[in-house]
Amino acid sequence: MRDILEDGGREATNPTLLDTSSSFQGNWRSIVALLIILLVGSVANSAGVGGGAIFVPILQSLVGFSLKDSTAISQALITAGSAVSVAINIFKRSPVNPNTCIIHFSVALALTPVVLVGVSVGVLLNSILPNFVLTIMLIVLI
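Counting restarts for each chain, with residues numbered from 1 along the sequence as it is written. Local features in this predicted model are restricted to residues of pLDDT 70 or higher, and side-chain atom pairs are both shown and tallied only at a pLDDT of 80 or more, whereas totals for entire chains, interfaces and linings draw on every residue. Side-chain figures throughout are based on the complete set of non-hydrogen atoms in the structure, without hydrogens or water.

A. Examining the overall build of the protein chain more closely. In DSSP terms, a helix is any run of H or I states spanning at least four residues, a strand is any run of E spanning at least two, and both are numbered starting from the N terminus. A tally of regular secondary structure across the protein chain gives five helices and two strands. Burial status across the protein chain gives 15% buried among its 142 residues. Between two residues, a contact is recorded if the distance between any of their heavy atoms is within 4.5 Å. A sequence separation of at least 24 residues applies to 33% of the contacts in the protein chain between residues at least 6 apart. To measure how exposed things are, a 1.4 Å probe is used in the Shrake-Rupley method; for residues, cover is taken only from the protein chains shown. Carbon and sulfur atoms make up 70% of the accessible area of the protein chain, which amounts to about 10,500 Å² in all. Buried, partly exposed and exposed residues are distinguished by accessible area as a fraction of the type maximum, computed with a 1.4 Å probe on protein chains only: under 20%, between the cut-offs, and over 50%, respectively.

B. Quick peek at the nonpolar core. Buried Ala, Val, Leu, Ile, Met, Phe, Trp, Tyr and Cys residues that are joined via side-chain atoms within 4.5 Å together make up what is termed a nonpolar core. Within the largest apolar cluster, seven residues are counted, these being Ala-33, Ile-37, Phe-55, Ile-58, Leu-59, Val-63 and Phe-65. Counting residues per element, the ones that place at least two in this core are α1 (28–47) and α2 (52–63). Per-element tally for this core: the top contributor is α2, with four residues.

C. Just a nonpolar patch on the surface, in detail. To count toward a patch, a residue needs a relative accessible area above 30% and no salt bridge. Like charges then connect within 9 Å, nonpolar side chains (Val, Leu, Ile, Met, Phe, Trp, Tyr) within 5 Å. One speaks of a salt bridge when a side-chain nitrogen belonging to Lys or Arg is within 4 Å of a carboxyl oxygen belonging to Asp or Glu. Taken together, the side chains of Val-107, Leu-111, Val-115, Val-119 and Val-123 present a nonpolar region at the surface, about 430 Å² in accessible area. Along the chain, Val-119 turns up in helix α4 (residues 105–128).

D. Quick peek at α1. For α1, spanning 20 residues, the distance from its first C-alpha to its last is 29 Å, which sits close to the expected 28 Å at 1.5 Å a residue. Every buried residue of α1 is listed here: Ser-30, Ala-33, Ile-37, Gly-41 and Ala-44. Angularly, the buried residues of α1 cover 75 degrees about the axis, an arc narrow enough to put them on a single face. Pointing more than 90 degrees away from the buried face of α1 are the exposed residues Trp-28, Ile-31, Leu-35, Leu-38, Leu-39, Val-43 and Ser-46. Any pair of N or O atoms that falls within 3.5 Å is considered a polar contact. Within protein, one atom must be able to donate a hydrogen and the other to accept it, and sequence-neighbouring residues count only if both atoms are side-chain atoms. Between the side-chain oxygen of the N-cap and the backbone nitrogen of Arg-29 there are 3.1 Å, and the N-cap of α1 in question is Asn-27. Trailing α1 by a residue or two, Gly-48 shows a phi angle of about 80 degrees, which is positive. By this rule, a helix spans an expected 1.5 Å times one less than how many residues it contains. Directions from the helix axis toward the C-beta atoms define the arc.

E. Quick peek at the packing of α2 against helix α3 (residues 67–89). α3 packs onto α2 with a crossing angle of 135 degrees between their chain directions and a minimal axis gap of 9 Å. When the axis of α2 is compared with that of α3, the two are oblique. Between α2 and α3 lies a crossing of right-handed hand. Judged by residue contacts, Gly-52, Phe-55, Val-56, Leu-59 and Gln-60 of α2 engage Leu-67, Ser-70, Thr-71, Ile-73, Ser-74, Leu-77 and Ile-78 from α3. In this analysis an axis means a line fitted to C-alpha atoms, helices contributing only their contacting stretch, and an angle means the value between N-to-C directions, from 0 to 180 degrees. Between 65 and 115 degrees an angle is taken as roughly perpendicular, under 35 as roughly parallel, over 145 as roughly antiparallel, and anywhere else as oblique. Take the far helix as your reference; a near helix turned counterclockwise from it by less than a right angle gives a left-handed crossing, and one turned clockwise gives a right-handed crossing.

Below, the structure written as structure tokens:
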């Protein structure tokens, strides 16, 4: 797919904006994957673990996405689950100290820079390393 950009009156092609080479097909396997992801996402989010270790293999084996696409979709699912959890819990009070919020914002503030560095390194490695190295790294880390 060609995306046309205005560049000083000239038309330029930018193939990196949208990748349409995905092998996604809406069939029974996609529906099963969606149901599994919904179930696992609910349990993982309530436990606070994310669920990426389950999302990536499901997206690869049942839906047919590549490792990089599966990882990106998994991160989007985890982010959405985290955002919903924060939205639900932001006004809840701590059972130990009713004057404070159940979310410890000081801990979140201290961890955010470290998480951002880790995400940046992960994105860099995901774009540089070939798929087989990423697969080996995922197997070793899990």
